[in-house]
Amino acid sequence: MKNVVAAALLAAWGSLCLAQAATSAITPAATTWKLATGYRAESFHTQNLEEFAREVAAATQGQLKIEVAANNSLVKLAEIPAAVSSGKVEAGEAIMSGMGKEVPLAGADGVPFVVGSYEAVQRMWALQRPGIEREFARRGLKPLYAVPWPPQGLYTNKPIRDVKDLQGMKMRTYNPTTVRIAELLSATPVDVPMVQVGQALAEGKMDAMITSAVTGVENKVWGGLKHYYELNAWFPKNIVFVNAKAFAALPPATQQAVVRSAALAEIRGFALSRSAAVSATEDLRKNGIKVDPVPFELSRDLKRMGEKFSREWVASVGNSANEIFIPFYSLR
Ligand code: PCA
(Lines give C-alpha, C1' and ligand atoms only; values in the text may rest on other atoms or scores of the structure.)
Protein backbone atom coordinates (compact mmCIF):
# COMPACT_ATOMS: atom_id res chain seq x y z
CA MET A 1 0.00 0.00 0.00
CA LYS A 2 2.76 2.37 1.07
CA ASN A 3 4.48 1.69 -2.23
CA VAL A 4 1.36 2.49 -4.22
CA VAL A 5 1.00 5.88 -2.44
CA ALA A 6 4.67 6.63 -2.92
CA ALA A 7 4.45 5.78 -6.61
CA ALA A 8 1.35 7.98 -7.02
CA LEU A 9 3.09 10.88 -5.24
CA LEU A 10 6.14 10.44 -7.41
CA ALA A 11 4.03 10.45 -10.55
CA ALA A 12 2.18 13.60 -9.42
CA TRP A 13 5.48 15.29 -8.61
CA GLY A 14 6.84 14.31 -12.01
CA SER A 15 3.90 15.77 -13.91
CA LEU A 16 4.08 18.96 -11.84
CA CYS A 17 7.73 19.35 -12.84
CA LEU A 18 6.85 18.70 -16.49
CA ALA A 19 4.09 21.30 -16.33
CA GLN A 20 6.46 23.83 -14.78
CA ALA A 21 9.07 23.16 -17.45
CA ALA A 22 6.43 23.69 -20.12
CA THR A 23 5.28 27.03 -18.64
CA SER A 24 8.81 28.34 -18.27
CA ALA A 25 9.49 27.43 -21.90
CA ILE A 26 6.59 29.70 -22.86
CA THR A 27 7.26 32.48 -20.35
CA PRO A 28 10.96 33.19 -19.89
CA ALA A 29 12.21 34.04 -16.42
CA ALA A 30 11.45 37.63 -15.33
CA THR A 31 14.28 40.14 -15.75
CA THR A 32 15.08 43.02 -13.41
CA TRP A 33 16.99 46.09 -14.54
CA LYS A 34 18.47 48.63 -12.21
CA LEU A 35 18.22 52.18 -13.55
CA ALA A 36 20.49 54.79 -11.97
CA THR A 37 19.75 58.52 -11.95
CA GLY A 38 21.50 61.45 -10.31
CA TYR A 39 18.30 63.38 -9.64
CA ARG A 40 15.94 63.23 -6.66
CA ALA A 41 12.93 60.92 -6.46
CA GLU A 42 10.54 63.91 -6.39
CA SER A 43 12.03 65.50 -9.53
CA PHE A 44 9.65 65.44 -12.49
CA HIS A 45 12.24 63.48 -14.49
CA THR A 46 12.34 60.73 -11.86
CA GLN A 47 8.56 60.67 -11.48
CA ASN A 48 8.38 60.15 -15.22
CA LEU A 49 10.93 57.33 -14.98
CA GLU A 50 8.84 55.64 -12.29
CA GLU A 51 5.78 55.85 -14.53
CA PHE A 52 7.83 54.43 -17.42
CA ALA A 53 8.89 51.52 -15.17
CA ARG A 54 5.25 50.87 -14.16
CA GLU A 55 4.14 50.86 -17.79
CA VAL A 56 6.89 48.47 -18.84
CA ALA A 57 5.99 46.11 -15.98
CA ALA A 58 2.30 46.23 -16.96
CA ALA A 59 2.94 45.82 -20.70
CA THR A 60 5.20 42.80 -20.11
CA GLN A 61 3.02 41.20 -17.39
CA GLY A 62 5.90 41.64 -14.96
CA GLN A 63 8.48 40.03 -17.22
CA LEU A 64 10.66 43.16 -17.11
CA LYS A 65 10.96 45.05 -13.85
CA ILE A 66 12.85 48.33 -13.82
CA GLU A 67 14.05 49.48 -10.40
CA VAL A 68 14.82 53.20 -10.34
CA ALA A 69 17.67 54.19 -8.01
CA ALA A 70 17.38 57.99 -7.56
CA ASN A 71 19.63 60.68 -6.11
CA ASN A 72 23.05 59.24 -7.05
CA SER A 73 22.32 56.35 -4.65
CA LEU A 74 23.59 53.60 -6.95
CA VAL A 75 25.96 55.48 -9.26
CA LYS A 76 26.93 59.17 -9.24
CA LEU A 77 25.47 61.23 -12.10
CA ALA A 78 28.80 61.83 -13.85
CA GLU A 79 29.61 58.10 -13.81
CA ILE A 80 26.26 56.78 -15.03
CA PRO A 81 27.05 56.53 -18.79
CA ALA A 82 30.24 54.53 -18.10
CA ALA A 83 28.47 52.32 -15.54
CA VAL A 84 25.76 51.41 -18.08
CA SER A 85 28.34 50.91 -20.85
CA SER A 86 30.25 48.43 -18.73
CA GLY A 87 27.08 46.66 -17.57
CA LYS A 88 27.59 47.56 -13.90
CA VAL A 89 23.97 48.73 -14.05
CA GLU A 90 21.57 47.87 -16.88
CA ALA A 91 20.13 51.34 -17.43
CA GLY A 92 20.58 54.97 -16.50
CA GLU A 93 19.61 58.58 -16.95
CA ALA A 94 22.12 61.39 -17.47
CA ILE A 95 22.15 64.98 -18.64
CA MET A 96 23.12 64.72 -22.30
CA SER A 97 25.28 67.84 -22.43
CA GLY A 98 27.28 66.39 -19.54
CA MET A 99 28.52 63.78 -22.04
CA GLY A 100 29.70 66.47 -24.47
CA LYS A 101 33.39 65.62 -23.98
CA GLU A 102 32.99 62.01 -25.19
CA VAL A 103 30.00 62.56 -27.50
CA PRO A 104 30.42 66.04 -29.04
CA LEU A 105 26.92 65.92 -30.59
CA ALA A 106 25.45 65.66 -27.10
CA GLY A 107 26.93 69.09 -26.37
CA ALA A 108 24.56 70.74 -28.89
CA ASP A 109 22.07 70.81 -26.04
CA GLY A 110 24.08 73.32 -24.09
CA VAL A 111 24.93 75.86 -26.78
CA PRO A 112 23.37 79.14 -25.61
CA PHE A 113 20.56 80.86 -27.51
CA VAL A 114 20.06 78.17 -30.17
CA VAL A 115 17.03 76.33 -28.79
CA GLY A 116 14.53 78.81 -27.38
CA SER A 117 11.23 76.93 -27.14
CA TYR A 118 9.83 73.44 -26.54
CA GLU A 119 9.06 73.18 -30.28
CA ALA A 120 12.71 73.93 -31.04
CA VAL A 121 13.77 71.29 -28.48
CA GLN A 122 11.77 68.75 -30.44
CA ARG A 123 13.28 69.80 -33.79
CA MET A 124 16.81 69.72 -32.36
CA TRP A 125 16.26 66.28 -30.81
CA ALA A 126 14.92 64.86 -34.08
CA LEU A 127 18.08 66.07 -35.84
CA GLN A 128 20.41 64.90 -33.07
CA ARG A 129 18.88 61.51 -32.46
CA PRO A 130 20.38 59.53 -35.39
CA GLY A 131 23.90 60.70 -34.51
CA ILE A 132 23.32 60.09 -30.80
CA GLU A 133 22.02 56.56 -31.55
CA ARG A 134 25.18 55.88 -33.59
CA GLU A 135 27.59 57.31 -31.00
CA PHE A 136 25.82 55.57 -28.12
CA ALA A 137 25.88 52.25 -30.02
CA ARG A 138 29.67 52.55 -30.27
CA ARG A 139 29.72 52.67 -26.47
CA GLY A 140 27.39 49.71 -26.06
CA LEU A 141 24.41 51.93 -25.19
CA LYS A 142 20.92 52.13 -26.56
CA PRO A 143 19.07 55.46 -26.07
CA LEU A 144 15.43 55.09 -25.02
CA TYR A 145 14.06 58.63 -24.66
CA ALA A 146 15.02 62.22 -23.87
CA VAL A 147 13.19 64.92 -21.92
CA PRO A 148 14.22 68.58 -21.58
CA TRP A 149 14.70 70.56 -18.41
CA PRO A 150 12.74 73.82 -18.45
CA PRO A 151 14.50 76.88 -19.95
CA GLN A 152 17.69 78.01 -18.29
CA GLY A 153 17.79 81.37 -16.54
CA LEU A 154 20.28 83.28 -14.40
CA TYR A 155 20.10 83.36 -10.59
CA THR A 156 22.15 85.91 -8.68
CA ASN A 157 22.48 87.13 -5.12
CA LYS A 158 22.37 90.81 -6.21
CA PRO A 159 20.86 92.75 -9.12
CA ILE A 160 22.77 92.52 -12.41
CA ARG A 161 22.78 95.13 -15.17
CA ASP A 162 25.45 93.86 -17.55
CA VAL A 163 28.00 91.08 -17.68
CA LYS A 164 30.58 93.17 -15.82
CA ASP A 165 28.45 92.66 -12.71
CA LEU A 166 29.09 88.93 -13.00
CA GLN A 167 32.87 89.25 -13.05
CA GLY A 168 34.51 87.45 -10.15
CA MET A 169 31.25 85.91 -8.93
CA LYS A 170 31.30 82.26 -7.90
CA MET A 171 29.14 80.70 -10.55
CA ARG A 172 27.78 77.19 -10.04
CA THR A 173 28.26 74.86 -13.05
CA TYR A 174 26.84 71.46 -13.95
CA ASN A 175 28.50 70.47 -17.24
CA PRO A 176 31.46 71.43 -19.48
CA THR A 177 29.28 74.04 -21.22
CA THR A 178 28.41 75.94 -18.06
CA VAL A 179 32.08 75.86 -17.03
CA ARG A 180 33.07 77.51 -20.33
CA ILE A 181 30.27 80.07 -20.00
CA ALA A 182 31.42 81.03 -16.51
CA GLU A 183 34.95 81.46 -17.91
CA LEU A 184 33.72 83.61 -20.81
CA LEU A 185 31.88 85.78 -18.27
CA SER A 186 35.03 86.10 -16.12
CA ALA A 187 33.19 84.43 -13.25
CA THR A 188 34.71 81.63 -11.17
CA PRO A 189 33.21 78.23 -12.06
CA VAL A 190 32.24 76.10 -9.05
CA ASP A 191 31.11 72.55 -9.80
CA VAL A 192 28.10 71.70 -7.61
CA PRO A 193 25.89 68.64 -8.28
CA MET A 194 22.23 69.56 -8.57
CA VAL A 195 21.28 67.82 -5.31
CA GLN A 196 23.90 69.81 -3.36
CA VAL A 197 22.95 73.32 -4.49
CA GLY A 198 21.09 74.18 -1.24
CA GLN A 199 24.04 73.13 0.87
CA ALA A 200 26.60 74.97 -1.31
CA LEU A 201 24.52 78.15 -0.97
CA ALA A 202 24.29 77.81 2.80
CA GLU A 203 28.07 77.43 2.91
CA GLY A 204 28.58 80.58 0.80
CA LYS A 205 30.19 78.62 -2.03
CA MET A 206 28.17 80.23 -4.82
CA ASP A 207 26.80 83.66 -5.81
CA ALA A 208 25.15 82.83 -9.12
CA MET A 209 24.07 79.98 -11.38
CA ILE A 210 22.37 79.32 -14.69
CA THR A 211 19.69 76.66 -14.41
CA SER A 212 15.93 76.19 -14.53
CA ALA A 213 13.22 77.57 -12.27
CA VAL A 214 12.48 73.95 -11.28
CA THR A 215 15.99 73.39 -9.97
CA GLY A 216 15.85 76.63 -7.97
CA VAL A 217 12.59 75.56 -6.33
CA GLU A 218 13.75 72.01 -5.63
CA ASN A 219 16.81 73.38 -3.83
CA LYS A 220 14.91 76.24 -2.11
CA VAL A 221 17.54 78.70 -3.27
CA TRP A 222 15.73 81.80 -1.90
CA GLY A 223 17.87 81.74 1.25
CA GLY A 224 20.92 82.77 -0.75
CA LEU A 225 19.81 83.89 -4.20
CA LYS A 226 17.50 86.86 -4.74
CA HIS A 227 17.09 87.41 -8.48
CA TYR A 228 16.07 85.22 -11.38
CA TYR A 229 16.49 86.56 -14.93
CA GLU A 230 14.53 84.62 -17.51
CA LEU A 231 17.28 84.21 -20.11
CA ASN A 232 15.66 81.31 -21.92
CA ALA A 233 19.27 80.44 -22.75
CA TRP A 234 19.00 76.72 -23.60
CA PHE A 235 16.97 73.60 -22.77
CA PRO A 236 19.32 70.77 -21.73
CA LYS A 237 17.86 67.28 -22.06
CA ASN A 238 18.13 64.25 -19.83
CA ILE A 239 18.58 61.06 -21.77
CA VAL A 240 17.52 57.58 -20.60
CA PHE A 241 19.48 54.66 -22.01
CA VAL A 242 20.13 50.98 -21.51
CA ASN A 243 23.08 48.67 -21.95
CA ALA A 244 22.70 47.45 -25.56
CA LYS A 245 23.44 43.81 -24.67
CA ALA A 246 20.88 43.83 -21.85
CA PHE A 247 18.32 45.16 -24.33
CA ALA A 248 19.26 42.61 -27.03
CA ALA A 249 18.86 39.79 -24.49
CA LEU A 250 15.13 40.56 -24.06
CA PRO A 251 12.52 38.62 -26.04
CA PRO A 252 11.25 40.66 -29.05
CA ALA A 253 7.84 41.36 -27.49
CA THR A 254 9.51 42.79 -24.37
CA GLN A 255 11.84 44.93 -26.49
CA GLN A 256 8.80 46.32 -28.30
CA ALA A 257 7.10 47.08 -24.99
CA VAL A 258 10.18 48.99 -23.80
CA VAL A 259 10.41 51.02 -27.01
CA ARG A 260 6.68 51.83 -26.96
CA SER A 261 6.70 52.84 -23.30
CA ALA A 262 9.82 54.97 -23.92
CA ALA A 263 8.06 56.86 -26.73
CA LEU A 264 5.15 57.55 -24.37
CA ALA A 265 7.53 58.61 -21.59
CA GLU A 266 9.13 61.14 -23.93
CA ILE A 267 5.78 62.73 -24.79
CA ARG A 268 4.70 62.73 -21.14
CA GLY A 269 8.08 64.14 -20.05
CA PHE A 270 7.85 67.09 -22.45
CA ALA A 271 4.40 67.93 -21.05
CA LEU A 272 5.63 67.61 -17.45
CA SER A 273 8.58 69.88 -18.22
CA ARG A 274 6.33 72.55 -19.75
CA SER A 275 3.98 72.65 -16.80
CA ALA A 276 6.83 72.51 -14.25
CA ALA A 277 8.42 75.53 -15.96
CA VAL A 278 5.31 77.62 -15.32
CA SER A 279 4.54 76.46 -11.79
CA ALA A 280 8.17 76.67 -10.63
CA THR A 281 8.57 80.27 -11.82
CA GLU A 282 5.43 81.09 -9.81
CA ASP A 283 6.90 79.31 -6.77
CA LEU A 284 10.12 81.33 -7.06
CA ARG A 285 8.03 84.53 -6.95
CA LYS A 286 5.97 83.32 -3.99
CA ASN A 287 9.17 82.66 -2.10
CA GLY A 288 10.50 86.17 -2.58
CA ILE A 289 12.79 85.77 -5.58
CA LYS A 290 12.54 88.75 -7.96
CA VAL A 291 11.75 87.26 -11.36
CA ASP A 292 12.89 89.91 -13.81
CA PRO A 293 13.16 90.32 -17.55
CA VAL A 294 16.75 90.44 -18.73
CA PRO A 295 18.13 94.01 -18.68
CA PHE A 296 19.02 95.23 -22.17
CA GLU A 297 22.80 95.46 -21.63
CA LEU A 298 22.95 92.04 -20.01
CA SER A 299 20.97 90.52 -22.85
CA ARG A 300 23.19 92.14 -25.50
CA ASP A 301 26.41 91.01 -23.74
CA LEU A 302 25.12 87.48 -23.20
CA LYS A 303 24.10 87.14 -26.84
CA ARG A 304 27.66 88.12 -27.83
CA MET A 305 29.08 85.61 -25.40
CA GLY A 306 26.68 83.02 -26.85
CA GLU A 307 27.93 83.69 -30.38
CA LYS A 308 31.52 83.24 -29.28
CA PHE A 309 30.57 80.04 -27.52
CA SER A 310 28.75 78.73 -30.64
CA ARG A 311 31.75 79.44 -32.88
CA GLU A 312 34.07 77.63 -30.46
CA TRP A 313 31.68 74.74 -30.25
CA VAL A 314 31.23 74.30 -34.00
CA ALA A 315 35.02 74.54 -34.51
CA SER A 316 35.70 71.90 -31.84
CA VAL A 317 33.00 69.48 -33.00
CA GLY A 318 33.54 69.80 -36.76
CA ASN A 319 31.21 68.41 -39.39
CA SER A 320 28.71 66.73 -37.12
CA ALA A 321 27.87 70.16 -35.63
CA ASN A 322 26.93 71.43 -39.09
CA GLU A 323 24.89 68.30 -39.74
CA ILE A 324 22.62 69.52 -36.96
CA PHE A 325 22.84 73.29 -37.08
CA ILE A 326 22.40 73.76 -40.84
CA PRO A 327 19.11 71.84 -41.07
CA PHE A 328 18.03 73.24 -37.68
CA TYR A 329 18.31 76.82 -38.90
CA SER A 330 16.97 76.12 -42.38
CA LEU A 331 13.88 74.38 -40.94
CA ARG A 332 12.99 77.46 -38.93
N1 PCA B 1 18.73 71.47 -13.69
C2 PCA B 1 19.91 70.65 -13.69
C3 PCA B 1 20.37 70.64 -15.09
C4 PCA B 1 19.60 71.67 -15.81
C5 PCA B 1 18.54 72.08 -14.87
O6 PCA B 1 17.62 72.82 -15.12
C7 PCA B 1 21.01 71.24 -12.84
O8 PCA B 1 20.91 72.41 -12.47
O9 PCA B 1 21.98 70.55 -12.56
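These remarks concern the structure in this document. (Residues numbered from 1 in each chain as written. Predicted model: local features only at pLDDT ≥ 70, side-chain atom pairs only at ≥ 80, totals over all residues. Heavy atoms only, no water.)

1. Describing the site of the ligand
Now for step 1: With respect to spatial proximity, the complete set of residues near the ligand consists of Ile95, Trp149, Gln152, Arg172, Tyr174, Met194, Thr211, Ser212, Thr215 and Pro236.
Now for step 2: With respect to the ligand, the side chain of Thr211 contributes an N or O atom lying 2.7 Å from an oxygen atom.
Now for step 3: Thr215 is positioned with one of its side-chain polar atoms (N or O) 2.7 Å from a nitrogen atom of the ligand.
Now for step 4: Applying the majority rule of atoms within 2 Å of the grid points places the ligand in the largest pocket.
Now for step 5: Residue composition of the shell around the ligand, by class: five nonpolar, four polar and one charged. (Near = heavy atom within 4 Å. Polar contact = N/O pair within 3.5 Å; in protein donor to acceptor, adjacent residues only side chain to side chain. 1 Å grid on protein atoms, 1.4 Å probe; cavity = no way out; pocket = protein on both sides within 12 Å on 5 of 7 lines; lining within 4 Å. Sits in = over half its atoms within 2 Å of the grid points. Nonpolar A, V, L, I, M, F, W, Y, C, P; charged D, E, K, R; others polar.)

2. Examining the sheet that holds strand 11 (residues 290-292)
Now for step 1: Strand order in the open sheet formed by six strands is 7-6-8-5-9-11, and the pairing between neighbours is mixed. The two strands at the open ends of the sheet, each matched to only one other strand, are strand 7 (188-191) and strand 11. Averaged over neighbouring strand pairs, the angle between their axes works out to 25° when direction is ignored.
Now for step 2: As defined by bridge partners, strand 6 (residues 170-173) adjoins strand 8 (residues 208-211) across two bridges and the pair is classed as parallel. Bridge pairing links Met171 to Ala208 in strand 8. (Pairing = 2+ DSSP bridges. Helix = DSSP H or I, 4+ residues; strand = E, 2+ residues; numbered from the N terminus. Axes fitted to C-alpha atoms, helices over the stretch in contact; angles between N-to-C directions.)

3. A word on the pattern of salt bridges
Now for step 1: For the structure shown, the criterion picks out 18 salt bridges.
Now for step 2: For Lys34, the salt bridge identified is with Glu67, shortest N-O distance 3.0 Å. Of this pair, Lys34 sits in strand 1 (residues 31-36) while Glu67 sits in strand 2 (residues 64-69), placing them 33 residues apart in sequence.
Now for step 3: Exposure remark for Lys34: the relative accessible area of 36% places this residue in the partly exposed category.
Now for step 4: Under the relative-accessibility criterion, Glu67 is labelled partly exposed at 37%.
Now for step 5: Bridged by salt links that share partners, the residues Arg129, Glu133 and Glu266 form one connected network. (Salt bridge = Lys/Arg side-chain N within 4 Å of Asp/Glu carboxyl O. Buried < 20%, exposed > 50% of the residue type's maximum accessible area, 1.4 Å probe, protein only.)

4. A look at the packing of aromatic side chains
Now for step 1: Using the criterion set out here, one finds nine aromatic pairs in the structure.
Now for step 2: Plain terms: the ring middles of Tyr118 and Phe235 are 5.0 Å apart, the flat faces sit at 80° to each other, and that makes the pair edge-to-face. Taken together, the residues Tyr118 in helix 4 (residues 118-138) and Phe235 in the loop between strand 9 (227-229) and strand 10 (237-243) connect sequence positions 117 residues apart. Across the pair, exposure class does not vary: Tyr118 and Phe235 are buried alike.
Now for step 3: A ring pair is formed by Phe136 and Phe241, whose centres lie 5.7 Å apart and whose planes are at 80°; its orientation type is edge-to-face. You can see Phe136 sitting in helix 4 and its partner Phe241 sitting in strand 10, a full 105 residues away along the chain. By the burial criterion, Phe136 is buried, and Phe241 matches it.
Now for step 4: Aromatic rings pair up to connect Trp313, Phe325, Phe328 and Tyr329 into one cluster.
Now for step 5: The residue whose ring lies beneath Arg123 is Phe328, and the NZ or CZ to ring-centre distance is 4.6 Å.
Now for step 6: Of note, Lys142 hangs over the ring of Phe247, and the distance from its end group to the ring centre comes to 5.0 Å. (Phe/Tyr/Trp six-rings, centres within 6.5 Å; stacked < 30°, edge-to-face > 60°. Lys NZ or Arg CZ within 6 Å of the ring centre and 35° of its normal.)

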